[in-house]
Each structure stands twice: as C-alpha cells, then as structure tokens.
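The primary structure of each chain is shown beneath.
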Amino acid sequence: MNREQLKARVAQEAIDYTRERLTPDAVLGIGTGSTVNHFIDALRCLRGQFAGCVASSEMSAERLARSGCNVIDLNEAGALQLYVDGADEADFSRRLIKGGGGALTREKIVATASDHFLCIIDESKRKVRLGAFPLAVEVLRIAVTQVCSTLADLGGQPHLRANFRSDEGNPILDVSGLDFSDPLALESEINQIPGVVANGIFARRPADQVMLASKSGISVY
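Residues numbered from 1 in each chain as written. Predicted model: local features only at pLDDT ≥ 70, side-chain atom pairs only at ≥ 80, totals over all residues. Heavy atoms only, no water.

Draft legend 1. Local environment of the sheet that holds strand 10 (residues 196-199). Sheet architecture is open: 4 strands sit in the order 8-9-7-10, paired in antiparallel fashion. With partners counted over all chains shown, the strands left at the sheet margins are strand 8 (157-160) and strand 10, one partner each. The mean angle between the axes of side-by-side strands here comes to 30°, regardless of whether they run parallel or antiparallel. Note: strand 8 against strand 9 (residues 172-176), 4 bridges, orientation antiparallel. Its bridge partner being in strand 9, Leu160 is matched across the sheet by Leu173. Those strands touched by helix 5 (residues 104-112) are strand 7 (135-139), strand 9 and strand 10, and its axis lies near 65° from that of strand 10. (Pairing = 2+ DSSP bridges. Helix = DSSP H or I, 4+ residues; strand = E, 2+ residues; numbered from the N terminus. Axes fitted to C-alpha atoms, helices over the stretch in contact; angles between N-to-C directions. Contact = heavy atoms within 4.5 Å.)

So this is what it looks like as structure tokens:
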C-alpha cells in the first residue's frame, strides 16, 4: 500500500469517526493538504447531516463547495465541534508541525476555535521528535530580513519560500536547524519576534487525537 492509498484510508476512517459525532447544527473545521483533500471528497456522503464547514484555506473552501458542502465564515460560525486536518510531522504527545501547504495561520486559528482537533496522517509523518521538516513561519513583508536575522540567531537557517504568498498575502520562511527539545517554548519564542504572523508549531494547541494509517492498519493515539 503506497502513501496515497494510506492517506485515502485514514481519510475514510475519519469520515466514519465524524459521522458518529455529527448533529444537525454541527459546524466542522476543515484543514488543508493532500490527506485532507481525500477527506473533503469523501465528506459529500455526509451532506445534510450537519450545518456546514469552516475552511482553513481558499483551496479547501473551493473543494468543499464543489463537494456540495455549505462553507461558513468563522466569524459567523461560533465554536466548531470538530476540526480535521493533517500534519507534516506529529510526535507522540500529539504536537505537530504544519505549514507545508502555507495555510498555517488560518489552520491555527480554526484549530483554536474547535472543541476537538483530529489530526489524520500516514505513518511517514509520525516522529519521535519534531524538527526534521522545515518550520514554516509566516511574516509581514516589511519584516522578512529582520525575522531571518533573528531566526538565524536562534540557530535556524531560514529560506524565503519562492513565488509564494499565503491567503493573507504574506511571504513564508521555511526554517531548518532549530532546536525542538521544547516545542512549546520554541513556538512562543518565535511568535514574539516582531513581524511574525504565526509559525507552524502546534504545541500550544496540539491535536486532541492523532489517527494514523500504516500498512498494518489504523491506530489512534
């Protein structure tokens, strides 16, 4: 079973998980990425069983609309019952690195607004320690050079993501070499750098459950 098949498998398992928890007035948060795309495509089978979805990116919003789902602005939705999203890395404490798709700021906002965060991944994303995947840091354009300098002082090697702007119109730095021995402290320290909008460490708001697809089956931790 290849990675794409594993992604489809965990997405379908997440559909079954979601079905058991839906109420007619429920609003779901929906993340961004290749695994979540499988979830969105399968979500059409649950149409009419919940009120709508809040998307973490324009790309996901468009895909949800094509699937016939009611897309709601977060400001009008209130608390979300469930947020389903993937990750670039997940450790055994359910702390995550996200942002490979560039939607980290909205993902963090939607995750924080949700009562429950289900992270769906294939086995290649589970790590004993975070940090192999470059950390995405969204910044204001005026602050790119200054933020790069500060991240370098922290031991990182930042690189501007070429030809990319977030849905908010901001550039993203991809940073390698940071010390992830304390992800929560690192998340807070980077957030305090002037000009940083958000970073892709999800330690302050980790997943509540991680659903993992491997060749041996589905596990949840």
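Draft legend 2. Broad picture of the sheet that holds strand 12 (residues 209-214). The mixed open sheet is built from 6 strands, whose spatial order is 2-1-3-6-12-13. The strands lining the two open edges of the sheet, one partner per strand, are strand 2 (52-55) and strand 13 (217-220). For this sheet, the mean angle separating the axes of adjacent strands, direction not counted, is 20°. Two elements, strand 1 (residues 27-30) and strand 2, share 4 bridges in a ladder whose sense is parallel. Across the sheet, residue Leu28 finds its bridge partner in strand 2, namely Cys53. With respect to the sheet, helix 1 (residues 3-19) is in contact with strand 1, strand 3 (82-85), strand 6 (117-122), strand 12 and strand 13, its orientation differing from that of strand 12 by roughly 140°. Along the sheet face, helix 5 touches strand 1, strand 2, strand 3 and strand 6 and points at about 150° away from the line of strand 3.

Draft legend 3. Layout of the environment of Tyr17. Examined against the element boundaries, Tyr17 turns out to sit in helix 1. A relative accessible area of 10% places Tyr17 in the buried class. Along the chain, Tyr17 and Arg126 lie 109 residues apart, while their C-alpha atoms are 20 Å from each other. Not counting residues within four places of it along the chain, the set of residues in contact with Tyr17 comprises Leu82, His116, Leu118, Gln209 and Met211. In this structure the side chain of Tyr17 is engaged in a polar contact, spanning 2.3 Å, whose partner is the side chain of Gln209. (Buried < 20%, exposed > 50% of the residue type's maximum accessible area, 1.4 Å probe, protein only. Polar contact = N/O pair within 3.5 Å; in protein donor to acceptor, adjacent residues only side chain to side chain.)

Draft legend 4. A look at the pattern of salt bridges. Applying the stated rule across the entire model yields 16 salt bridges. The shortest N-O distance in the salt bridge between Lys7 and Glu4 comes to 4.0 Å. Within this pair, Lys7 and its partner Glu4 are both found in helix 1, separated by 3 residues, close to a single helical turn. Exposure remark for Glu4: the relative accessible area of 40% places this residue in the partly exposed category. As a salt-bridge pair, Asp179 and Arg129 come within 3.0 Å of each other at their nearest N and O atoms. With Asp179 in the loop between strand 9 and helix 7 (183-191) and Arg129 in the loop between strand 6 and strand 7, the pair connects residues that are 50 residues apart, well separated along the chain. Several salt bridges share partner residues, and in doing so they unite Glu58, Arg106, Asp167 and Glu168 into one network. (Salt bridge = Lys/Arg side-chain N within 4 Å of Asp/Glu carboxyl O.)

Draft legend 5. Expanded view of the side chain of Ser57. Here Ser57 lies in the loop between strand 2 and helix 3 (58-66). Taking the relative accessible area as the measure of exposure, Ser57 reaches 4% and is therefore buried. Here Ser60 takes part through its backbone nitrogen, which lies 3.0 Å from a polar atom of the side chain of Ser57. Excluding its chain neighbours within four sequence positions, the residues that come into contact with Ser57 are Thr32, Ala103, Arg106 and Asp167.

Draft legend 6. How the structure looks around the packing of aromatic side chains. Per the stated rule, a full pass over the model turns up 2 aromatic pairs. Ring geometry for Tyr83 against Phe117: centres 5.0 Å apart, planes inclined by 45°, an arrangement best described as tilted. Residue Tyr83 is found in strand 3, and its partner Phe117 is found in strand 6; the two are separated by 34 residues along the sequence. Each member of the pair, Tyr83 as well as Phe117, carries the same accessibility label: buried. Measuring from centroid to centroid gives 6.2 Å for Phe92 and Tyr221, while their planes differ by 35°, and the two rings are tilted. (Phe/Tyr/Trp six-rings, centres within 6.5 Å; stacked < 30°, edge-to-face > 60°.)

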